[in-house]
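# Coordinate inspection notes
Letter by letter, the chains look like this.
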Amino acid sequence: MQRSWLLGVLLVALQRLLLLPLNVSRFCFRGNGASVARIVPYAALHYMTYEQYRRWIINTFPNIGRGPGLDLVAGSFAGGTAVLFTYPLDLVRTKLAYQVVNPSKMKIHGVVSSEQLYRGIYDCFLKTFKESGFRGLYRGVAPSLYGIFPYAGLKFYFYEEMKRHVPEDHKNDITVKLVCGSVAGLLGQTFTYPLDVVRRQMQVQRLTVSKTAELKGTMETIVMITQKQGWKQLFSGLSINYLKVVPSVAIGFTVYDLMKSYLRVPSRDVREVVTDERNSQPSLQS
């Protein structure tokens, strides 16, 4: 477990370093502190719990298949676990990133007064908690969970499924891993992006709508966006998001596999063989 946690931390550090050129201006770093504070535990929890859930499923249900369905389930639960533990930081990141105007210059009709603007991570946490309590720190978590379960599961599913079709002599090729990771990230993001749009609108709704028009839930928000802005709005920004998500997932899976080999983390095949041997011992003795 400690090695899996370390893998996640090292992985996110390398991801941030390799993707740094995409942040081309100071404006792009708005809310970056909260983003970094979130992504480190998020990535560590995501990859660690994926391995743990996978191992638990195999040990609990020894006769279950070892195909991509197992990766889908383990990845889904791992994503949900990571979101639940780190969501308040995601909320803070979104709120800080949404602040594009200084308090003294904000004169936009319908936007809440300058008291709602935040000076930093702690200030955002404090004001959000005072305004809405603990529940306020998890505003929009429902669409996040709805989105992360299929996204995380599909991401692992596509990646592992594509690797299974790679010839044995190319399985350790970094380029192949990058391609598999890119396709997995692209497909997973495409299928679940509308829920990401809904999540962000729910997170910043107090900055954009009056209390009387406050959004209520995931489905109601989807209907509202579709009616007022059209269904295409649910995919607004998807092409730009590809620039971040696709290389991020590709680098993430590639580095994760490489670091597992470097840290000598037992492969999934070894774990499964050991599990099967343990399950077969009683029958052999009897």
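Residues numbered from 1 in each chain as written. Predicted model: local features only at pLDDT ≥ 70, side-chain atom pairs only at ≥ 80, totals over all residues. Heavy atoms only, no water.

### Here's the deal with the packing of helix α5 (residues 141-164) against helix α6 (residues 174-203)
- In contact at an axis separation of 8 Å, α5 and α6 are set at 170° when each is read in the N-to-C sense. One way to sum up the angle between α5 and α6 is to call them roughly antiparallel.
- A per-class count over the contact of α5 with α6 returns 16 nonpolar, 7 polar and 4 charged. (Axes fitted to C-alpha atoms, helices over the stretch in contact; angles between N-to-C directions. Helix = DSSP H or I, 4+ residues; strand = E, 2+ residues; numbered from the N terminus. Parallel < 35°, antiparallel > 145°, perpendicular 65-115°, else oblique. Nonpolar A, V, L, I, M, F, W, Y, C, P; charged D, E, K, R; others polar.)

### Quick look at the packing of aromatic side chains
- Applying the stated rule across the entire model yields 13 aromatic pairs.
- Plain terms: the ring middles of Y47 and Y256 are 4.5 Å apart, the flat faces sit at 35° to each other, and that makes the pair tilted. You can see Y47 sitting in helix α2 (residues 32-60) and its partner Y256 sitting in helix α9 (residues 238-262), a full 209 residues away along the chain. Of the two residues, Y47 and Y256, neither departs from the other in class, the shared state being buried.
- With a centroid separation of 4.1 Å and 10° between ring planes, the pair formed by Y159 and F253 is classed as stacked. Taken together, the residues span a long stretch of sequence, with Y159 in helix α5 and F253 in helix α9 at a distance of 94 residues.
- Since its relative accessible area comes to 0%, Y159 is described here as buried.
- Look at F253 and you get buried, because its relative accessible area is 1%.
- Here a set of aromatic residues connected by ring pairs shows up, and it is made of Y47, Y50, F156, Y159, F253 and Y256. (Phe/Tyr/Trp six-rings, centres within 6.5 Å; stacked < 30°, edge-to-face > 60°. Buried < 20%, exposed > 50% of the residue type's maximum accessible area, 1.4 Å probe, protein only.)

### Here's the deal with the nonpolar core
- By size, the foremost hydrophobic cluster in this structure holds 28 residues, and its most contacted members are Y42, V83, I148 and F253.
- Here the element with the most residues in this core is α5; it accounts for 9 residues.
- What I148 contacts, discounting residues up to four positions off in sequence, is Y42, G79, G80, V83 and G153.
- V198, M224, L234 and L238 belong to the second-largest nonpolar core, a separate cluster that totals 8 residues. (Core = buried A, V, L, I, M, F, W, Y, C linked by side-chain atoms within 4.5 Å. Contact = heavy atoms within 4.5 Å.)

### Quick word on the environment of V245
- With respect to the helices, strands and loops of the structure, V245 is situated in helix α9.
- Each C-alpha atom of the pair V245 and G188 lies 9.7 Å from the other, and the pair is 57 residues apart in sequence.
- V245 has contacts with Y151, G185 and Q189, leaving out every residue within four places of it along the chain.

### A short note on α9
- If you check α9, its first and last C-alpha atoms are 35 Å apart, about what 25 residues at 1.5 Å a residue would give, namely 36 Å.
- Remark: the principal bend of α9, roughly 25°, maps to K244, with a proline, P247, within the next four residues. (Expected span 1.5 Å × (residues − 1). Bend = angle between axes of the 7 residues up to and from the residue.)

### Some thoughts on the confidence of the model for the protein
- A residue-level look at the protein finds 70% of positions with pLDDT of 70 or above and a mean pLDDT of 75.
- Segment residues 19-29 is flagged for pLDDT under 50; beyond a separation of four residues in sequence, or across chains, it makes 10 contacts in the model.
- Within the model, the stretch residues 101-116 combines pLDDT values under 50 with 16 contacts to residues more than four positions away or in other chains. (pLDDT = per-residue confidence, 0-100.)

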